[in-house]
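This is what each chain is made of:
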Amino acid sequence: MKRKIAIVMAMVVAMTSLAACGSKEAPAAEPAESSEAETPEETDGSEEATGELADTGELTLYYSNSTEWADPIIQEFEDQTGIKVSLVQDGTSSLFARIKAEAGNPQADVVWGGVIDTYRANQDLLQPYTSSEEASLKPEALDPNGYYTGFDMGPMVMVYNTELIPENEAPTSWGDLLDEKYKGKIACADPTSSSSAFACIMSIILAYGTDGEGYEFVEKLVENMDGKVISSSSGVYKGVADGEYLIGLTYEEAALRYMESGASIAIVYPSEGTSSSPSGCGIVKDCKNPKSAQMFIDYLSSKEVQSQLGALNRRSVRTDVADPDAMEAWENIAFVEMDIDWTSSHTEEFNDTWNDYITR
């Protein structure tokens with residue numbers, strides 16, 4: 001039986017005008033009232049010891065995905081399970097900062113969106129759970145430590161404005177970003193707050209070397225950006241499509257989506273290699289609705305949902321779901337050797353270094 005999610009997704013894909021999503025309004029979470037708040041021993045462990053979790057029928061979801069395609073997925077989950085989902089939508093880094101501030105009195109049950117590097121770096125804010133769909137998931141989508149599950153795959157890419165740059169002069173590599181002709185015309189979001197920008201910059205560092213050469217490249221890149229940093233990920237592909245910038249660093253799905261809408265941009269898969277960290281989802285430590293949270297993780301990993309991703313220009317994390325023919329073949333894309341342990345353990349160092357480069 002055809003499900004409503006497929007119908008709504010088809011409507012989303014058919015839209016010819018796509019606007020960047022704004023933050024979903026939500027009341028600020030209340031901090032813990034006192035040090036006498038329930039301890040983890042009181043709220044976690046006893047139910048798991050019996051193998052049963054309370055069925056509360058509720059779920060609070062923190063997510064950084066576009067509401068245009070994510071909300072239909074959430075709605076279908078509600079319809080199938082009867083679980084009422086409360087939503088908070090914001091940037092990935094902002095959501096994890098919020099989760100950290102709420103530690104001891106968690107308001108969220110699940111966080112969804114943003115690359116898995118961010119989840120590894122914030123592992124202490126999550127609790128382990130392995131999806132029931134584990135056997136059908138690609139190895140890249142599974143956390144060896146069990147704190148997150150990948151939702152989709154998508155390479156980090158560059159985009160350029162095809163009306164302003166002739167095809168025979170189009171960039172082909174990360175190295176082209178240092179060309180003087182792009183000075184002040186490079187669109188890049190702040191990697192200290194944008195997970196996609198972080199993944200792009202980490203791809204560059206891994207490509208050029210974590211022994212120092214990667215940081216040297218980033219320093220030169222910041223100089224060629226001429227101090228211009230975009231406040232949101234969506235501003236990158238929009239800025240390039242509008243001609244405000246010549247070239248930008250973004251993620252494949254957004255670029256394909258804008259191209260489908262008629263934007264004058266083209267995709268470049270850098271010759272030095274790029275990364276494709278899956279976007280992630282995870283359960284918040286000591287959350288109030290653990291059974292609902294586990295059901296939502298399982299749902300996102302299901303073949304029913306994953307089979308719809310191709311229509312949204314996304315690559316599935318399942319081994320039994322193929323990429324659409326319209327996408328660049330995976331084997332034709334050069335990839336860096338991904339070292340998520342290095343990227344996650346050097347996040348704070350990178351943030352400090354980036355801020356130093358920008359404020360000079």
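Residues numbered from 1 in each chain as written. Predicted model: local features only at pLDDT ≥ 70, side-chain atom pairs only at ≥ 80, totals over all residues. Heavy atoms only, no water.

Describing the overall build of the protein
Right, so step 1: For the protein, the helix and strand inventory stands at 14 helices and eleven strands.
Right, so step 2: Burial status across the protein gives 51% buried among its 360 residues.
Right, so step 3: Expressed as a percentage of contacts within the protein between residues at least 6 apart in sequence, the contacts between residues at least 24 apart total 79%.
Right, so step 4: By element, 46% of the accessible surface of the protein is carried by carbon and sulfur atoms, the whole surface being about 16100 Å². (Helix = DSSP H or I, 4+ residues; strand = E, 2+ residues; numbered from the N terminus. Buried < 20%, exposed > 50% of the residue type's maximum accessible area, 1.4 Å probe, protein only. Contact = heavy atoms within 4.5 Å. Areas by Shrake-Rupley, 256 points an atom, 1.4 Å probe, with all protein chains shown as cover.)

Description of empty space enclosed by the protein
Right, so step 1: If you walk through the whole model with that rule in mind, you get one cavity of 30 Å³ or more.
Right, so step 2: Considering only enclosed or pocket space, the largest cavity measures out at about 30 Å³ in volume.
Right, so step 3: Residue lining of the largest cavity: Q127, Y129, Y147, Y148, T149, C281, G282, I283 and I297, and that is the complete set.
Right, so step 4: Broken down by element, the residue count for the lining of the largest cavity peaks at three residues, all from strand 10 (residues 279–284). (1 Å grid on protein atoms, 1.4 Å probe; cavity = no way out; pocket = protein on both sides within 12 Å on 5 of 7 lines; lining within 4 Å. Points joined across faces, edges and corners; volume = space filled by probe spheres on them.)

Brief notes about the sheet that holds strand 6 (residues 156–161)
For sheets, the rule is that strands pair by backbone hydrogen bonds, running either parallel or antiparallel.
Right, so step 1: Taken in spatial order, the four strands of this open sheet run 7-8-6-9, and their pairing is mixed. At either end of the open sheet lies a strand with only one pairing partner, and these are strand 7 (186–187) and strand 9 (265–268).
Right, so step 2: The sheet strands contacting helix 9 (residues 234–241) are strand 6, strand 7, strand 8 (247–251) and strand 9, and the helix crosses strand 8 at an angle near 140 degrees. (Pairing = 2+ DSSP bridges. Axes fitted to C-alpha atoms, helices over the stretch in contact; angles between N-to-C directions.)

Describing the nonpolar core
Right, so step 1: Membership of the largest hydrophobic core comes to 53 residues, with the highest contact counts inside it found for L177, I201 and L249.
Right, so step 2: Counting residues per element, this core draws most heavily on helix 7 (residues 195–208), at eight residues.
Right, so step 3: Sequence-distant contacts of L177, that is, excluding residues within four places in its chain, are made with M158, Y182, I186, I204, L221, N224, I247 and L249. (Core = buried A, V, L, I, M, F, W, Y, C linked by side-chain atoms within 4.5 Å.)

Considering the pattern of salt bridges
Right, so step 1: As enumerated under the stated definition, the model contains 14 salt bridges in all.
Right, so step 2: Residues D242 and K238 are paired through a salt bridge, measuring 2.9 Å at the closest nitrogen-oxygen approach.
Right, so step 3: The partly exposed category is assigned to K238, whose relative accessible area is 39%. (Salt bridge = Lys/Arg side-chain N within 4 Å of Asp/Glu carboxyl O.)

Section: helix 10 (residues 252–260)
Right, so step 1: Within helix 10, seven of the nine residues are buried, which leaves it mostly tucked inside the rest of the structure.
Right, so step 2: In this fold, the buried residues of helix 10 make contact with strand 6, helix 9, strand 8, strand 9 and strand 11 (315–316).
Right, so step 3: Just beyond helix 10, the residue with positive phi is G262, at close to 100 degrees.

Re the confidence of the model for the protein
Right, so step 1: Of all residues in the protein, 86% have pLDDT values of 70 or greater, and the mean over the chain is 87.
Right, so step 2: pLDDT under 50 marks residues 6–50. Its contacts with residues more than four places away, or in other chains, come to 56 contacts. (pLDDT = per-residue confidence, 0-100.)

Brief notes about the environment of S131
Right, so step 1: Examined against the element boundaries, S131 turns out to sit in the loop between strand 4 (126–127) and strand 5 (149–153).
Right, so step 2: Residue S131 is classed as buried on the basis of its relative accessible area, which comes to 3%.
Right, so step 3: Between the alpha carbons of S131 and G146 there is a distance of 9.1 Å; along the sequence they are 15 residues apart.
Right, so step 4: Setting aside residues up to four positions removed in sequence, S131 forms contacts with L137, T149, I297, D298 and S301.
Right, so step 5: Here the side chain of S131 touches E133 through a polar contact of 3.0 Å, landing on its backbone nitrogen.
Right, so step 6: A polar side-chain atom of S131 sits 3.3 Å from a polar atom in the side chain of S301. (Polar contact = N/O pair within 3.5 Å; in protein donor to acceptor, adjacent residues only side chain to side chain.)

Regarding the pairing of strand 1 (residues 58–63)
In regular strands, side chains alternate between the two faces of the sheet.
Right, so step 1: Counting buried positions along strand 1 gives five out of six residues, so the element sits mostly inside the fold.
Right, so step 2: Where strand 1 lies against strand 2 (residues 84–89), six bridges are found, and the strand directions are parallel. Note that in strand 2 the partner of Y62 across the bridge is V88.
Right, so step 3: Each parallel crossover has a hand, and the one from strand 1 via helix 4 (residues 67–81) to strand 2 is right-handed.
Right, so step 4: Here strand 1 runs beside strand 3 (residues 110–115); their pairing, made up of three bridges, is parallel. From the neighbouring strand, Y63 faces strand 3, where its bridge partner is W112. (Right-handed = clockwise from strand over helix to strand, strands pointing away.)

Examining the packing of helix 8 (residues 213–225) against helix 14 (residues 347–359)
Right, so step 1: Running from N to C, helix 8 and helix 14 point in directions that differ by 35 degrees, and their axes come no closer than 9 Å. The crossing of helix 8 and helix 14 is right-handed. Along its contact with helix 8, which presents Y215, V218, E219, V222 and M225, the element helix 14 presents E349, F350, T353, W354, Y357 and I358.
Right, so step 2: Of the residues assigned to the contact of helix 8 with helix 14, the class counts are eight nonpolar, one polar and two charged. (Left-handed = near helix turned anticlockwise from the far one by under 90°. Nonpolar A, V, L, I, M, F, W, Y, C, P; charged D, E, K, R; others polar.)

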